[in-house]
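Residues per chain, in single letters:
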Amino acid sequence: MHLDIITPENNVLSEEIDEVLVPTENGQIGVLPHHINIVTKLIPGEIIIKSKGKDNIIAVSGGFLEVKKENVTILSDYAEHAKDIDVEKATAAQKRAEELLSNKKDELSEEDIIRIEAELRLSLLQQHIARRNRHRSN
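All of the points below concern the structure found in this document.

The rules behind the values
Residues numbered from 1 in each chain as written. Predicted model: local features only at pLDDT ≥ 70, side-chain atom pairs only at ≥ 80, totals over all residues. Heavy atoms only, no water. Helix = DSSP H or I, 4+ residues; strand = E, 2+ residues; numbered from the N terminus. Buried < 20%, exposed > 50% of the residue type's maximum accessible area, 1.4 Å probe, protein only. Contact = heavy atoms within 4.5 Å. Areas by Shrake-Rupley, 256 points an atom, 1.4 Å probe, with all protein chains shown as cover. Lys, Arg positive; Asp, Glu negative; His and termini not counted. Charge placed at Lys NZ, Arg CZ, Asp CG, Glu CD. Pairing = 2+ DSSP bridges. Core = buried A, V, L, I, M, F, W, Y, C linked by side-chain atoms within 4.5 Å.

### A few points about the overall build of the protein chain
So, point 1. Across its full length, the protein chain carries two helices and ten strands.
So, point 2. The principal-axis extent of the C-alpha atoms belonging to the protein chain is close to 55 × 35 × 25 Å.
So, point 3. Looking at the protein chain residue by residue over its 138 residues, the buried ones come to 41%.
So, point 4. In the protein chain, 53% of the contacts between residues at least 6 apart in sequence involve partners at least 24 apart.
So, point 5. With the model as given, the accessible surface of the protein chain reaches about 8,500 Å², and the carbon-plus-sulfur share is 49%.
So, point 6. Taking the average location of the 18 positive side-chain charges in the protein chain and that of its 25 negative ones, the two points are 4 Å from each other.

### Examining the pairing of strand β3 (residues 19-24)
The two faces of a sheet get side chains in turn, since along a regular strand they alternate between them.
So, point 1. Burial runs high along β3: five of the six residues are buried.
So, point 2. In this structure, β3 lies alongside strand β6 (residues 45-51), joined through three bridges in antiparallel fashion. Note on β6: the bridge partner recorded for Leu21 is Ile48.
So, point 3. Pairing geometry for β3 and strand β4 (residues 27-31), over five bridges, is antiparallel. Of the residues in β4, the one forming a bridge with Val22 is Ile29.
So, point 4. Here β3 hands over to β4 after two residues, the two strands then running antiparallel side by side.

### Quick look at unusual backbone geometry
So, point 1. Positive phi, normally seen in glycine, also occurs at His34, with a value near 70°.
So, point 2. Residue placement: His34 occurs in the loop between β4 and β5 (38-42).
So, point 3. The phi angle at Lys52 is positive, at roughly 55°, despite the residue not being glycine.
So, point 4. Here Lys52 is to be found in the loop between β6 and β7 (54-60).

### Some details on the side chain of Gln94
So, point 1. Mapping Gln94 onto the fold places it in helix α1 (residues 87-103).
So, point 2. With relative accessibility at 14%, the residue Gln94 sits in the buried group.
So, point 3. Contacts of Gln94, omitting those with residues within four sequence positions, involve Leu120, Ser123, Leu124 and Gln127.

### Describing the environment of Leu13
So, point 1. Relative to the assigned elements, Leu13 resides in strand β2 (residues 11-16).
So, point 2. Through-space distance from the C-alpha of Leu13 to that of Leu3 is 7.3 Å; in sequence the pair is ten residues apart.
So, point 3. Each residue touching Leu13, except ones within four places of it in the same chain, is listed here: Leu3, Asp4, Ile5, Ile49, Asn56, Ile58 and His81.

### Regarding the nonpolar core
So, point 1. Leu3, Ile5, Val20, Ile47 and Ile49 are the most contacted members of the largest nonpolar core, which has 19 residues in total.
So, point 2. Taken together, the elements giving at least two residues each to this core come down to β1 (2-6), β2, β3, β6, β7, β8 (63-68) and β9 (71-75).
So, point 3. Ignoring any residue separated from it by four or fewer positions in sequence, one finds Ile49 in contact with Leu3, Ile5, Leu13, Ile17, Glu19, Val20, Lys54, Asp55, Asn56 and Ile58.
So, point 4. The next biggest cluster of nonpolar side chains, apart from the first, holds eleven residues, and it includes Leu21, Ile57, Ile85 and Val87.

Here is the structure:
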């Protein structure tokens, strides 16, 4: 079956796969060839792609999954291969967001607070997925 993972910036992945595991609001689901057609909401977490005996992990901020015949499409605002996540950059983003929220919250607009909280959640997700992936690789 064919998997496409698409963000507003680029096509993160487009390849033939054997299976994909995705985080949904109702728990993790697996999609195998000949899966029923489905559209569902994804939550932040990791996508596990199984192909030719290997696992590929992708961090995702949430989004939508569509399975239609032998095509699987994931649309998300953010998706990145776990091996490509820069943990130091994510840690710095976390610290920056936490500092803004604790020291300057009174000066920020509601929109700024929402944006900074989203950046904080994303940086924590990146760190978590990158560390899990490194432990799997060892």
